[in-house]
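Tertiary structure, described
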Amino acid sequence: MSNLKISIQKSGRLSEKSIQLLNECGIKISNGDRKLKASAKNFPIEILFLRDDDIPQYVEQGVADIGIIGENEVWEKDKNVSVIEKLGFASCKLSLAIPRDESYNGITYFEGKKIATSYPKILKKYFDKKNINIEIEEISGSVEIATGIGLADAIFDIVSTGSTLVMNGLKEVEVVEQSEAVLIANKSLSKEKQEILEKLLFRIQAVRMSLEYKYILLNVPNSSLEKVTSILPGMKSPTILPLGIEGWSSIHSVIKEDDFWNVIEQLKNNNAEGILVLPIEKMIF
Ligand code: ATP
Ligand code: MG
């Protein structure tokens, strides 16, 4: 049986989370000794550690079958690959920023301006669509210092918290894209590799789901059962068990992390007591 080859970032912001995701999928690997390649003992997969910038190209060419990479690089490299699944980490924005003291009156501000970036393709597409002429200064790193040293009037770069911008006397004025890590795949995988990919995807989805949900247990007086079960729909329906005390029940269910505080409030308002919330390790519908 041939192995599925996955490429992940060798060292950088995606590396640790990519390895962690594979681990959570039951795929045990280590790259302690900084090899280029590793294989997993218990899953037909081979891991290639590469520079993230090169991953779209390798996946297009079939040197790797799949890869984990930021959407921003997928857009910028514009290779012929399929985006299979969003992975929920390395979330960031691609934003335009200008010197803090400049007054900003909308996107036409950029007409005739010089913008420094490592993402020239995405930037050009954005301004072409808006029919605004700009000059692009392509640089490969430390974009945030470009205005300070007189290289450009503005920058287009990755922003997460914005603290780097502030430190460099800049302010974010437009968010052009929202990006996160994604799984990409070669467009002509063999049937065999496609099957391995589907197995991996099934596991990734179970892991992702488990992170989105919490397991919840609580006690309610039977008079509130109907109301509380309507607040907690569960996977099929909540589990309801009688308590040792007459007239009370224990309810077990799952809730979405995002709804958590909202749901807890509603439960308390409906006489729920002894609420326990636990993490879920894997979740399969
Ligand atoms: P190099 O190729 O030189 O290692 P890089 O910028 O390509 O540098 P990283 O800084 O490790 O590599 O970023 C990898 C990916 O992580 C980016 O393409 C982006 O998708 C995401 N990312 C970058 N910066 C942030 C951030 N501050 N917060 C969240 N995600 C980020
Ligand atoms: Mg890179």
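These remarks concern the structure in this document. (Residues numbered from 1 in each chain as written. Chains lettered and ligands numbered in written order. Predicted model: local features only at pLDDT ≥ 70, side-chain atom pairs only at ≥ 80, totals over all residues. Heavy atoms only, no water.)

Coordination of the magnesium ion (ligand 2) by the protein is provided by D52 (OD) and D53 (OD), with metal-donor distances spanning 2.0 Å. With relative accessibility at 15%, the residue D52 sits in the buried group. (Donors = N, O, S within 2.8 Å, 3.2 Å for Na, K, Ca; no water. Buried < 20%, exposed > 50% of the residue type's maximum accessible area, 1.4 Å probe, protein only.)

Tracing the sequence through the fold places E212 in helix α6 (residues 191-212). Note on E212: relative accessible area 33%, which makes it partly exposed. Along the primary structure E212 and N105 are separated by 107 residues, whereas in three dimensions their C-alpha atoms are 39 Å apart. Leaving out residues up to four positions away in the same chain, E212 has contacts with I255, K256 and E257. (Helix = DSSP H or I, 4+ residues; strand = E, 2+ residues; numbered from the N terminus. Contact = heavy atoms within 4.5 Å.)

Here we take up the site of ligand 1. Taken together, 15 residues surround ligand 1, and among them R13, R51, D53, N72 and S160 come closest. For ligand 1, an oxygen atom lies 3.0 Å from a polar atom in the side chain of Q9. In the model, an oxygen atom of ligand 1 is placed 2.6 Å from a nitrogen or oxygen of the N72 side chain. Notes on ligand 1: free accessible area 620 Å², of which the protein chains cover 72%. More than half of the atoms of ligand 1 fall within 2 Å of the grid points belonging to the largest pocket. Each of domain 1 (4-89 + 181-189) and domain 2 (92-179) accounts for three or more of the residues forming the shell around ligand 1. (Near = heavy atom within 4 Å. Polar contact = N/O pair within 3.5 Å; in protein donor to acceptor, adjacent residues only side chain to side chain. Areas by Shrake-Rupley, 256 points an atom, 1.4 Å probe, with all protein chains shown as cover. 1 Å grid on protein atoms, 1.4 Å probe; cavity = no way out; pocket = protein on both sides within 12 Å on 5 of 7 lines; lining within 4 Å. Sits in = over half its atoms within 2 Å of the grid points. Domains from an automatic or database assignment.)

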